[in-house]
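# Analysis of the macromolecular model
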Amino acid sequence: MKKIIMGLSVIGLLCSCNTNNQQTMNDEKEFKYLVDEFADIKIMRYQIPEWENLTLQQKEYLYYLGEAAKCGRDILADQNFKYNLTVRKTNEAILNSYKGDRETEDYKNFLTYAKRVFFSNGIHHHYAEDKFMPEISTEYFAELVRNSDVNQLPLDDNETVEEFLTFITPVIFDKDLYATRRSGEDDIIKNSATNFYKGDLSKEEVEEFYDAQRDPKDTTPVSYGLNSQLVKENGKIYENVYKSGGLYGEAIDQIIYWLEKANAVAENDAQRNYTNLLIEYYKTGDLNTWDEYNVAWVQDSVSVIDYVNGFIEDYGDPMGMKATWEAVVNFKDMEATKRSSLISQNAQWFEDNSPVYERFKKKECKGVTAKGIIVTTLAGDCFPAPPIGINLPNADWIRKDYGSKSVTITNLMEAYDKAAEESPKSVLAEFAYSQEEIDLCKKYGSNADVVHTDLHECLGHGSGQLLPGTSSNALKEYNSALEESRADLFGLYYCADPIMVELGIMPDMEAYKAAYANFIRNGLMSQLSRIELGKNVTESHMQDRKLISEWCYEKGKADNVIEKKIKDGKTYFVINDYEKLRDLFGELLAEIQRIKSEGDYEAGKKMVETYAVKVDPALHKEVKERYDALNLRPYGGFINPDIVPVEKNGKVVDYVIYYPTDFVQQHLDYGKKYSYVKENHAAPTHLVVDMLYDFIDGSLACGHSEEAVEAAIAYINAHPEQEVIYIADSHPANHSSFTEFGGIW
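This section reports on the structure supplied with the text. (Residues numbered from 1 in each chain as written. Predicted model: local features only at pLDDT ≥ 70, side-chain atom pairs only at ≥ 80, totals over all residues. Heavy atoms only, no water.)

Time to look at the packing of aromatic side chains. Inspection of every chain in the model, using the stated rule, returns 44 aromatic pairs. Geometrically, the ring pair formed by Tyr 63 and Tyr 655 is tilted, given 5.2 Å between the ring centres and 35° between the ring planes. Taken together, the residues Tyr 63 in helix H1 (residues 56-70) and Tyr 655 in strand S17 (residues 651-660) connect sequence positions 592 residues apart. An identical accessibility class is assigned to Tyr 63 and Tyr 655; each is buried. (Phe/Tyr/Trp six-rings, centres within 6.5 Å; stacked < 30°, edge-to-face > 60°. Helix = DSSP H or I, 4+ residues; strand = E, 2+ residues; numbered from the N terminus. Buried < 20%, exposed > 50% of the residue type's maximum accessible area, 1.4 Å probe, protein only.)

Here it is as structure tokens:
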């Protein structure tokens, strides 16, 4: 589970090597964090402090783990949407080989589109999840393709460029085709463009398939469906498992190769043990082995170097079961770990004093470890837009029996902070109601938000327990939003507790107010700048913030806890009573914990759909206009540093860090070096059988035939990239369907 940073934050915190565009790690006086801006995105760099204090063996270990991370890059793009790799490789071919004028406005608009595809790992917005289109004509796009190296285009065998354009053009330019990556409306499987499901599957069929596998009495269930694509073919439903020799097998084999090299230089036997289990899991796809790996991994709290590599988070699946691939390679930030450790060492006190009902509390908090980390490589669903905190494993029974690891990523938080200082305008000044509020957030905001993140990750996700017999997937498509809300509420409730000052984590009892002000302002207003006008909130973390803020605003109206104010024609939300707001956070935490512990799907659904999804159109329009006037980018992501071996006399004697400055070039380099998943670009053929007047309203008319025709037409119109073939079957003259041989015709 992750905590995602807000690129539009109101303060600084939330607020192959090509040497001609790189800065070495020693050029810190000249280091620029913010290096590119386009669309609604800003691109930053992060540094790797303390690298020079690592041993050669540790650097080598991090290098190999980083290579394993980058080898899984294509997996996420393909999981997000079946034609993402085709679009990305087409863009790469144009960027690498286009022979025309690259200074025109059209080409610059194409470049922006290509950057967005790199950033989002596909053609859908990484956060809002709606499809975005290039601001160029289809004619210009065709010119780009025709004037690029045909050998670099992702053509099928014997496919011409013109045939390829017929297929790929509507995929990119038709806004209604594959419109949403993860839909929350109607049948969420049929209306989502994600590639977790293949064939004409419905939500009900998916539920039935996995419900048949679950045993309510199993106290250590595997994460059903986590590492597979569910396929319906010829009426049969089965799983296509992500593993060596299976789906994404070539990429997984490369990951295994580098993990094996890493294991040879691991720091200790604990690392070697759980890495061997991870390799075995990748070879077999066995989810029991995945659990064994997580149990072993979570118990290693001693090692300096650590990593995440696998199919982990289910935010991207409309059903909340199937996981996207991700990797994070890191080592321990010793100073930051002191603060995190203080929190985790007091886990039982926090659990015992939680406002949730006693039967939902853990009697014993086991194995809760927390640390600050310095990342060295980001990949998959953590790149380019990473979390700032992570809490794993996700399996509730492992958390209960073995504990969890929680991390705060300190060098990324610093990079966000420094990049914000390089921006001339402030969201805080625009959306905060008073100078008093601005001063409060400037004084305490950075520290308060770090503490909130620590509480969210270190304890929030690991708190509470499911009642016996409650499935970990009982809340289904609403689980992610509710789980993030639960962790955020835990952090909000406790960052205002006097124990935080007693432990020396918070400076005084005013500091938490900055976290409250930032959270409510963001949840009710400023995050709306990220959403296209007329759209609902679909991303889980945004739903979490909106749910909490809207619920507290409504429930606190009688006491005017949060007040909506208008000043100079602008809307603001002001907290009048911080103590009562904390009580509301506690009340909502208790209810969401009850929903999770009991698996109350209907209550969870009502909570999310009432408070987390719908947007006030007038307020939305106002926020967009005010934010756009600031000319800031609400989303942020990163360029990875390059870890480069230094050889002397044929032997590696060191690994040095280079900091690239070119976002596009890094992705082009990755495309050449780490491309291990074959793109999908041959559209399926749609076969229409016996659509004849005789069968509709003639002498051989069939029941519901007009409805069948309407459904076929709707499908064909919705999938213009598919070839349609109309055929009529035939029967011999003596066929049993004819009346003279006993039939009805």
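Each regular strand shows side chains that alternate between the opposite faces of the sheet. Counting buried residues in strand S10 (residues 368-380) gives 11 out of 13 residues, a clear majority hidden from the surface. Note: strand S9 (residues 324-333) against S10, eight bridges, orientation antiparallel. Paired with Phe 331 across the strands is Ile 374, a residue of S10. Bridge count for S10 against strand S12 (residues 404-409) is six bridges, and the pairing is parallel. (Pairing = 2+ DSSP bridges.)

Strand order across the open sheet formed by three strands is S5-S6-S7, with mixed pairing between neighbours. Of all strands in the sheet, those bounded by a partner on one side alone are strand S5 (197-198) and strand S7 (236-241). Sheet analysis places S5 next to strand S6 (residues 228-233), joined by two bridges and oriented parallel. Bridged to Tyr 197 within S6 is Leu 230.

With glycine set apart, most residues show a phi of negative sign, and most peptide bonds adopt trans. Following Phe 383, the chain continues into Pro 384 via a peptide bond in cis, with omega recorded as 5°. In this fold, Pro 384 is placed in the loop between S10 and strand S11 (387-392). Between Leu 392 and the following residue, Pro 393, the backbone shows a cis peptide bond with an omega angle of 0°. Position of Pro 393 among the secondary structure elements: in the loop between S11 and helix H13 (396-402). Here Ala 39, not a glycine, exhibits a phi torsion of approximately 45°, which is positive. Within the secondary structure, Ala 39 is located in the loop between strand S3 (34-38) and strand S4 (41-45). Of note in the backbone geometry, Asp 568 takes a positive phi value of approximately 55° without being a glycine. Within the element layout of this structure, Asp 568 appears in the loop between strand S13 (562-567) and strand S14 (570-575).

Moving on, we come to helix H24 (residues 663-673). Burial runs high along H24: eight of the 11 residues are buried. For H24, the full list of buried residues reads Phe 663, Val 664, Gln 666, His 667, Leu 668, Asp 669, Tyr 670 and Gly 671. A side-chain oxygen of the first residue of H24 lies 3.1 Å from the backbone nitrogen of Val 664; this N-cap is Asp 662. (Polar contact = N/O pair within 3.5 Å; in protein donor to acceptor, adjacent residues only side chain to side chain.)

A few words now on the pattern of salt bridges. A side chain of one charge can pair with a side chain of the opposite charge when the charged atoms of the two come close. Tallying each qualifying case throughout the model produces 42 salt bridges. Between Glu 679 and Lys 89 there is a salt bridge, with its nearest N and O atoms 2.9 Å apart. Taken as a pair, Glu 679 in the loop between H24 and strand S18 (685-689) and Lys 89 in helix H3 (residues 84-97) lie far apart in primary sequence, 590 residues in all. On the basis of relative accessible area, Glu 679 is assigned to the buried category, the value being 9%. Overall, the relative accessible area of 13% leaves Lys 89 in the buried class. As a salt-bridge pair, Lys 190 and Asp 200 come within 2.6 Å of each other at their nearest N and O atoms. One end of the pair, Lys 190, is in the loop between helix H6 (161-173) and S5; the other, Asp 200, is in the loop between S5 and helix H7 (203-211), and 10 residues separate them in sequence. (Salt bridge = Lys/Arg side-chain N within 4 Å of Asp/Glu carboxyl O.)

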